[in-house]
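Structure at a glance
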Amino acid sequence: MWRLVPPKLGRLSRSLKLAALGSLLVLMVLHSPSLLASWQRNELTDRRFLQLNKCPACFGTSWCRRFLNGQVVFEAWGRLRLLDFLNVKNVYFAQYGEPREGGRRRVVLKRLGSQRELAQLDQSICKRATGRPRCDLLQAMPRTEFARLNGDVRLLTPEAVEGWSDLVHCPSQRLLDRLVRRYAETKDSGSFLLRNLKDSERMQLLLTLAFNPEPLVLQSFPSDEGWPFAKYLGACGRMVAVNYVGEELWSYFNAPWEKRVDLAWQLMEIAEQLTNNDFEFALYLLDVSFDNFAVGPRDGKVIIVDAENVLVADKRLIRQNKPENWDVWYESKFDDCDKEACLSFSKEILCARATVDHNYYAVCQNLLSRHATWRGTSGGLLHDPPSEIAKDGRLEALLDECANPKKRYGRFQAAKELREYLAQLSNNVSSFRNCHTAFQSG
């Protein structure tokens, strides 16, 4: 229905794809002995492949026993190293099984960065420690800022890590205590005292916080407690394992209307939960696209599967410190840019206001409304509603006001009404389906 490129370019694109595929087949034939070897070998038991040799310049070791014992294996094409050049994000699918349980379950493995980004990390560590681009990382890490909290340091404080990543752009002591207390890459988790961690664990924690804090977000706001994030499982070297959720949200773009209504309602509920919760932490999503959410195949639950760019603001601290205009409601500015999944925001304002509409804005603009564009499509998740809903006009009006409000503080009210309206639509669809089923069975 939606053409990604003009017809002539489409034919050219197909030709290029066929040429690339042909070249790939030639390479596969030329490398057939190594190809067969990589298919048969479980490289997830290889310490160097896991980059365990780079610790403590790594993400942890809690799952090393499982990896090295062969309990984690790549799925199908993930075994072919020849295809790694296509896997820019360094994300793999694998099967994990406990011997006592029998059977396996699907997991997602992440290196938390591209090969280029990981190489830049190594160079950065070496240059800071030795002045040279290459070095022994084991020897270099204690000579970097990642070792500044080694020794008899009691707490991880805001002054030490503020601004290192989105997660700690404006950290409170309460947030940092939570990060340390829930840090899963130590045997002595449960204490907020940094001195209870080994020096190597402290360096791993700080490196993760600076390079890609996604594991720390998943650990600190776990799915087991109702947070809408994928479940963190563990790490070995520079390979992190998380629970497989399901197909990405994008695969539901043309799903039946009732399914899309339910998903849209869940997305608005996630925006509300991350903005207003009993813990008084506001988790603002700075990167919102169809690829960053997934849907459970059984329960249909929407989960955030990419949490690298999440800014956490402590509302309790904001109310306590009362920075300038802290109690003035903040309205995010609509950004009608020509790129996909773009957002306009000020991190400083997100950190300094108690009432912010950013998450509603991000979900409405980039996922639900007619302004949402992704992979050459437009119209958002709620495109092409049934005629009676389109004729009524209420849904379109609420989506427009949520994405690009015309009234002052209009997005706050529109988001509230949109959540209620989507819940009503979802219930009506379910009621109709149940009545129809009963009628047929009767």
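Because the structure is a prediction, the values reported are computed rather than measured.

Take the overall build of the protein next. Broken down by element type, the protein carries 16 helices and twelve strands. Burial statistics for the protein: of 442 residues in total, 50% are counted as buried. Accessible surface for the protein amounts to roughly 22,100 Å². Of this, 52% is attributable to carbon and sulfur atoms.

With that settled, the discussion passes to empty space enclosed by the protein. Where empty space is left in the structure can be found by rolling a water-sized probe over the atoms. Scanning the entire structure with this criterion turns up one cavity of 30 Å³ or more. Computed from the structure, the largest cavity encloses a volume of approximately 60 Å³. What lines the largest cavity is simply L285, L286, D287, V288, N292, F293, I304, D306, A307, E308, N309 and V310. Grouping the amino acids of the lining of the largest cavity by side-chain chemistry returns seven nonpolar, two polar and three charged.

Judged by nonpolar contacts, the single largest core of 94 residues is most densely connected at F229, M268 and L368. In this structure, M268 is in contact with Y360, V363, C364, L368, C402, A415, L418, R419 and L422, ignoring residues within four places of it in sequence.

The pairing of strand β2 (residues 91–96) with strand β3 (residues 105–110) spans six bridges and is classified as antiparallel. Of the residues in β3, the one forming a bridge with Y96 is R105. Bridge analysis of β3 against strand β5 (residues 239–243) gives four bridges, and the strand direction is antiparallel. Its bridge partner lying in β5, V108 is registered against V242.

Its volume calculated, the largest pocket comes out at about 1,100 Å³. Of all the secondary structure elements, the ones that give two or more residues to the lining of the largest pocket are β2, β3, α4 (115–130), α9 (214–220), β5, β6 (247–248) and β8 (293–295). Each residue belonging to the lining of the largest pocket can be placed in one class, and the counts come to 16 nonpolar, eleven polar and 13 charged. If you add up the space inside the second largest pocket, you get close to 340 Å³. Taken together, 14 residues line the second largest pocket, and the ones lying closest to its centre are N243, Y244, V245, G296 and D299. Along the lines of polarity and charge, the residues of the lining of the second largest pocket split into seven nonpolar, three polar and four charged.

This paragraph deals with the sheet that holds β3. Across the sheet, which stays open at both edges, the five strands sit in the order β1-β2-β3-β5-β4 with antiparallel pairing between neighbours. Taken across any chain shown, the strands that pair with only one partner, and hence form the sheet edges, are β1 (72–74) and β4 (232–236). Ignoring strand direction, the axes of neighbouring strands in this sheet form an average angle of 35 degrees.

Using the criterion set out here, one finds 18 salt bridges in the structure. Note that E214 and K110 form a salt bridge whose closest N and O atoms lie 2.6 Å from each other. With a gap of 104 residues between them, E214 in helix α9 and K110 in strand β3 connect regions that are remote in the sequence. With a relative accessible area of 5%, E214 lands in the buried category.

A few words now on the state of the cysteines. Inspection of the entire model under this criterion finds five disulfides. In this model C55 forms its disulfide with C58; the gap between the sulfur atoms is 2.1 Å. Residues C55 and C58 share a disulfide whose torsion about the S-S bond is about 105 degrees; that sign makes it right-handed. Take C55: its relative accessible area is 14%, and that puts it in the buried class. The buried category is assigned to C58, whose relative accessible area is 0%.

The next point concerns the confidence of the model for the protein. Per-chain confidence: the protein averages 88 in pLDDT, with 85% of residues scoring 70 or above. Counting interchain partners and residues more than four positions distant, the pLDDT-below-50 stretch residues 1–17 has eleven contacts.

What follows is about the sheet that holds β8. Across a sheet, paired strands are connected by hydrogen bonds in the backbone, their directions being either parallel or antiparallel. Judged by pairing direction, the sheet is antiparallel, and its three strands sit side by side in the order β6-β8-β9 without closing on themselves. Strands at the two margins of the open sheet, each flanked by one partner only, are β6 and β9 (302–304). As paired strands, β8 and β9 are joined by three bridges and run antiparallel to one another. Looking at β9, one finds that A294 is bridged to I303.

The subject of this paragraph is the packing of aromatic side chains. Two measures describe an aromatic ring pair: the distance that separates the ring centres and the angle between the ring planes. Counted by the stated rule, this structure contains 16 aromatic pairs. When the ring of F221 is compared with that of F281, the centres are 6.0 Å apart and the planes differ by 85 degrees; the resulting orientation is edge-to-face. One end of the pair, F221, is in the loop between α9 and β4; the other, F281, is in strand β7 (residues 281–285), and 60 residues separate them in sequence. For F221, a relative accessible area of 0% gives the class buried. For F281, a relative accessible area of 2% gives the class buried. Here the aromatic residues F221, W227, F279 and F281 are joined through ring pairs into a cluster of three or more. A cation over a ring is seen here: R174 above F281, with NZ or CZ 4.0 Å from the ring centre.

Parameters at a glance
Residues numbered from 1 in each chain as written. Predicted model: local features only at pLDDT ≥ 70, side-chain atom pairs only at ≥ 80, totals over all residues. Heavy atoms only, no water. Helix = DSSP H or I, 4+ residues; strand = E, 2+ residues; numbered from the N terminus. Buried < 20%, exposed > 50% of the residue type's maximum accessible area, 1.4 Å probe, protein only. Areas by Shrake-Rupley, 256 points an atom, 1.4 Å probe, with all protein chains shown as cover. 1 Å grid on protein atoms, 1.4 Å probe; cavity = no way out; pocket = protein on both sides within 12 Å on 5 of 7 lines; lining within 4 Å. Points joined across faces, edges and corners; volume = space filled by probe spheres on them. Nonpolar A, V, L, I, M, F, W, Y, C, P; charged D, E, K, R; others polar. Core = buried A, V, L, I, M, F, W, Y, C linked by side-chain atoms within 4.5 Å. Contact = heavy atoms within 4.5 Å. Pairing = 2+ DSSP bridges. Axes fitted to C-alpha atoms, helices over the stretch in contact; angles between N-to-C directions. Salt bridge = Lys/Arg side-chain N within 4 Å of Asp/Glu carboxyl O. Disulfide = S-S within 2.5 Å. pLDDT = per-residue confidence, 0-100. Phe/Tyr/Trp six-rings, centres within 6.5 Å; stacked < 30°, edge-to-face > 60°. Lys NZ or Arg CZ within 6 Å of the ring centre and 35° of its normal.

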